[in-house]
Amino acid sequence: MSDIKIQNVCHTYNTNSGPLHVLDQLDLEIGDGDFVAVVGPSGCGKSTLTKLVAGLLIPDEGDVMLDGERVKGPRSNVGMAFQNPVLLEWRTIEQNILLPLEIVKGHGLDARQRKERVSELLAMVGLEGFENKRPSELSGGMRQRASLCRALVHRPEVLILDEPFGALDAFTREDLWVVMRELRRQEKFTCMLITHDLRESVYLADRVVVLSGRPGGTQYVQDVDLPEDRGLDVLFKPEAISMLADLREQIAIGQKRQTIGEAV
Amino acid sequence: MNSTLRAILIPLSFIIVFLLFWEWLVWFNNWPNYKMASPSDLWPAFWTYKGLFLEYGWQTLWRTVLGLILSVIFGTFLGMIMGLSRIAYEGLYPLLVGFNAIPKATVVPVIALLFVGSHDFNTVLIAFMISFFPIAVSIALGLSTLEPEYRDILRSLGASPFTIFWKIALPKTLPEFFGALKVAVTLAFIGTNLMEIISPHGRGLGHLFSSGEQNADYPLMFAVLIALAFMGIVLYYVVVALERIFAGWAERREG
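Residues numbered from 1 in each chain as written. Chains lettered and ligands numbered in written order. Predicted model: local features only at pLDDT ≥ 70, side-chain atom pairs only at ≥ 80, totals over all residues. Heavy atoms only, no water.

Participant: Explanation requested: the pattern of salt bridges in the structure shown.
Facilitator: Two side chains of opposite charge can pair, provided their charged atoms sit close to one another. Residue and element names in this part refer to chain A. Evaluation of the coordinates by the stated rule reveals 21 salt bridges over all chains. In this structure, Asp34 engages Arg207 in a salt bridge whose closest nitrogen and oxygen atoms are separated by 3.8 Å. Residue Asp34 is located in the loop between strand E2 (18-30) and strand E3 (35-39), and its partner Arg207 is located in strand E9 (residues 207-211); the two are separated by 173 residues in the primary sequence. A salt bridge links Arg70 to Asp63; its shortest N-O distance comes to 3.1 Å. Here the salt bridges do not stand alone but share partners, grouping Asp34, Arg207 and Asp223 into one network. (Salt bridge = Lys/Arg side-chain N within 4 Å of Asp/Glu carboxyl O. Helix = DSSP H or I, 4+ residues; strand = E, 2+ residues; numbered from the N terminus.)

Right, here's the structure in full:
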C-alpha cells in the first residue's frame, strides 16, 4: 500500500518581512497503514508538513517519498481534512462527500455504487440518513464528520488530517476520536494527524512525533503501546498518563527553544 | 392569512395609500399640473401615448438588458482575472476605481459625439459602462477571499485551476454576484435613460421624457417616470427570481 518517508526536509517561505525558515532537517517515517500524530508548539511548520505530504508544496531541500517514489505534485490517492470542514453550502451532504470522485478518475463506481459508498461512510460516522441535508442544517461536529467522509470517499491510501477536531467542544471532540478509531478499523489508510491536543495524539496514533519549535525538526518520537481496541478510558491508564507527561515535557523544551531562537 | 395573498396585499395597499397621498398633496396645495402632476393626470397621459409607451418602453428595456448582459459577461471576466491574479488585482483596481469615479453623465455626450447616429449602440454602451463595475468588484472580491482550504481540497486531488474555479470559486461567489447585479440593474437603467435623453432624435422612454419636457407636457413626463419605475421593479424581481434559483442555498432559512 503506502508508506511515507520524509528525509532531511528543509523549507523556507519568502515573506514580506524576509525569509521564514519553517522546517529544518525534518525526518519522519510513517509505515504502511500506520497512524502517526505530529505535535509541536504553534508555528513549528506542522501545516507546511501537510502540504508537503499532499504534494501541494515541494520542499527546498530533502525528499518526501510516498511508496518509495518522490512526491512531485498532487496525487489522487490522498485525502485531506482540515480544522475548517469546508463543506460546499450549495451541495447536499451526499454531493459534498462525492466531490473527490468527480475529480479522481478511474474509481470505476457507477451512480448506485457511489450512493452506497456514501451511505456506508455516513453510517460509520453516525450520520445515517443525512444524505440530502444541507451543510447549514448540521452542527459543527456533524460537519466535521461529513468532512471526514469526503476525505475517505475515494479510498485514499494516505489520509492527512490538519487539526480536524481543533474547533470542536471537548465532548464532541471525544466523540469524534471514537469515530476516527472506528473509521480506521474499517478503512485502510496510512494517516498523518496534525494536532495540538496531546490526549488526542495518544488516543488515536501508533506513534507521536514531537517537532521542535521553528524551524521545525524531529525532536522526539513516542511509540504508543496501547491496545489496538481502545476506549477513551485508556487515557486514564498509568502508561498513557506517563506518556502524556513525557510529551508535555518535550513540548515545553521545544517551546523554550523557539522562544530563545526568536530572542536571538 | 394566506402568505402569498399577504405578500401581494400588503405592498399593494401601501402603493394605493401612497398614490392617494400624492393625489391629496397636489389637490391640497392646489398645484397646477405643470408644477406637479397628480396620479389622476397620469392615466390620460398613458392612454394618449399608449403606442409610444409600448414601442419606446420596449426599446429602453432591450437596450438596458443587452447592456446588462454585456456587463455581466465583461464584469465576470474582469473579476475573474482580478480575483485569480494578484498582479492583475493590484494593477487594475486603481484603474477601475478611477474609471468608476468619473460621473457617467459627463461621459454620455462624449460617447454620443464619438458614435454619432448609432443610437442603439450608444445607449447599450453607456448602460454597459455604468453597470459593470459592481459586478467586476464583487466577483474579484469573492474569488480573492476564498479560504485556501477550499482550494486545497481539490488541488490535493490534482484538479486543474479551471475545475476549482468551476466547482468551487464560481458557485461560492454567486450570492455576492447577485447582490451586485441588483445594483447593476438600477445603474443600467440610469445609463440607458441618460443617453436617450441627451442624444438628438433618440428613441426610448428617455426620448419620450425629453419630448414631454419640450412640449411642456408634464403629465407625460411623470408618466414616463412611473413607467421607468415599473420596468425597474420588474427587472429587479427577475434578478431576485434568478437568485432564488441559482443561489437559493445562501438564504438563511428560518426555523
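Participant: When you look at the layout of surface pockets in this model, what are you seeing that I'm missing?
Facilitator: A water-sized probe rolled over the atoms picks out the places where empty space is left. Residue and element names in this part refer to chain B. Taken as a whole, the largest pocket spans an internal volume of roughly 900 Å³. Secondary-structure elements contributing two or more residues to the lining of the largest pocket are helix H1 (3-29), helix H2 (39-48), helix H3 (50-84) and helix H10 (218-247). When residues of the lining of the largest pocket are assigned to their parent elements, the largest contribution, 9 residues, is made by H1. Split into classes, the residues belonging to the lining of the largest pocket amount to 25 nonpolar, 1 polar and 1 charged. Taken as a whole, the second largest pocket holds about 250 Å³ of empty space. (1 Å grid on protein atoms, 1.4 Å probe; cavity = no way out; pocket = protein on both sides within 12 Å on 5 of 7 lines; lining within 4 Å. Points joined across faces, edges and corners; volume = space filled by probe spheres on them. Nonpolar A, V, L, I, M, F, W, Y, C, P; charged D, E, K, R; others polar.)

Participant: What should I look at first to understand the state of the cysteines in this one?
Facilitator: As used in these notes, a disulfide is a covalent bond between sulfur atoms, one from each of two cysteines. All names here are of chain A. Taken as a whole, this structure holds 0 disulfides over all chains when the rule is applied. We note that Cys191 lacks a disulfide partner, and the nearest cysteine sulfur, in Cys149, lies 15 Å from it. Judged by its relative accessible area of 0%, Cys191 is buried. (Disulfide = S-S within 2.5 Å. Buried < 20%, exposed > 50% of the residue type's maximum accessible area, 1.4 Å probe, protein only.)

Participant: Looking at this model, I keep getting lost on empty space enclosed by the protein. Mind explaining?
Facilitator: Under the criterion given, the structure shown has 1 cavity of 30 Å³ or more. Residue lining of the largest cavity: Val78(A), Gly79(A), Met80(A), Pro100(A), Arg150(A), Ala151(A), His154(A), Ile153(B), Ser156(B) and Leu157(B), and that is the complete set. Mapped by element, the contributors of at least two residues to the lining of the largest cavity are strand E6 (78-82) and helix H4 (140-152) of chain A. Broken down by element, the lining of the largest cavity gets its largest block of residues, 3 residues, from E6(A). When its residues are assigned to classes, the lining of the largest cavity shows 6 nonpolar, 3 polar and 1 charged.

Participant: Can you walk me through unusual backbone geometry in this structure?
Facilitator: Most peptide bonds adopt trans geometry, and most residues besides glycine take a negative phi value. With a phi close to 50°, Glu163(A) is a non-glycine residue in the positive phi region. Summarising the element assignment, Glu163(A) is placed in the loop between strand E7 (158-162) and helix H5 (170-186). For Asn30(B), which is not a glycine, the phi torsion comes out positive at approximately 55°.

Participant: What is the right way to look at the nonpolar core in this model?
Facilitator: The tendency in soluble globular proteins is for nonpolar side chains to be buried as a group. Ranked by size, the top nonpolar core spans 81 residues in total, and within it Ile6(A), Leu28(A), Met192(A) and Leu205(B) carry the most contacts. If you tally residues by element for this core, the top one is helix H8 (residues 161-198) of chain B, at 13 residues. For this core, the domains that each give at least three residues are domain 1 (1-77 + 158-168 + 188-264) and domain 2 (83-155) of chain A. Filtering out sequence-adjacent residues up to four positions away, Leu28(A) remains in contact with Ile4(A), Lys5(A), Ile6(A), Val36(A), Val38(A), Leu49(A), Met192(A) and Val209(A). (Core = buried A, V, L, I, M, F, W, Y, C linked by side-chain atoms within 4.5 Å. Domains from an automatic or database assignment. Contact = heavy atoms within 4.5 Å.)

Participant: Got a minute to help me understand the sheet that holds strand E5 (residues 69-70) of chain A in this structure?
Facilitator: Strand pairing in a sheet is mediated by backbone hydrogen bonds. Such pairs are either parallel or antiparallel. Residue and element names in this part refer to chain A. Read across the open sheet, the 4 strands follow the order E2-E1-E4-E5; overall the sheet is antiparallel. Each edge of the open sheet is held by one strand with a lone partner, namely E2 and E5. Where strand E1 (residues 4-15) lies against strand E4 (residues 61-66), 5 bridges are found, and the strand directions are antiparallel. In the strand pairing of E4, Gln7 is matched with Asp63. The sheet contacts of helix H1 (residues 46-54) involve E1, E2 and E4, and relative to E1 the element is tilted by about 120°. (Pairing = 2+ DSSP bridges. Axes fitted to C-alpha atoms, helices over the stretch in contact; angles between N-to-C directions.)

Participant: Would you mind showing me how to read the sheet that holds E9(A) here?
Facilitator: All names here are of chain A. Spatially, the 6 strands line up as an open sheet ordered E6-E7-E8-E3-E9-E10, and their pairing is mixed. Each edge of the open sheet carries a strand with a single partner, namely E6 and strand E10 (218-223). Adjacent strand axes in the sheet meet at a mean angle of 15°, parallel and antiparallel pairs treated alike. In this structure, E7 lies alongside strand E8 (residues 190-194), joined through 5 bridges in parallel fashion. Bridged to Asp162 within E8 is Ile194. Contacts between H4 and the sheet are confined to E6 and E7, with E6 contributing the most and set at about 165° to the helix.

Participant: Looking at this model, I keep getting lost on the interface of chain B and chain A. Mind explaining?
Facilitator: In many reports, interface size means the accessible area that the parts give up when they come together. Chain B puts 19 residues into the contact, and the matching count from chain A is 25 residues. Note on chain B versus chain A: buried area summed over both sides is about 1900 Å², and carbon and sulfur give 71% of it. The tally of links from chain B across to chain A stands at 1 salt bridge. Linking chain B with chain A are 1 residue pair in polar contact (both at pLDDT 80 or more), by the criterion used here. Those elements that provide at least two residues to the side of chain B that touches chain A are helix H7 (148-155) and H8 of chain B. In the side of chain B that touches chain A, the residues fall into 8 nonpolar, 3 polar and 8 charged. (Buried area = accessible area lost by both parts, 1.4 Å probe. Polar contact = N/O pair within 3.5 Å; in protein donor to acceptor, adjacent residues only side chain to side chain.)

That's the geometry; what it means functionally is another story.
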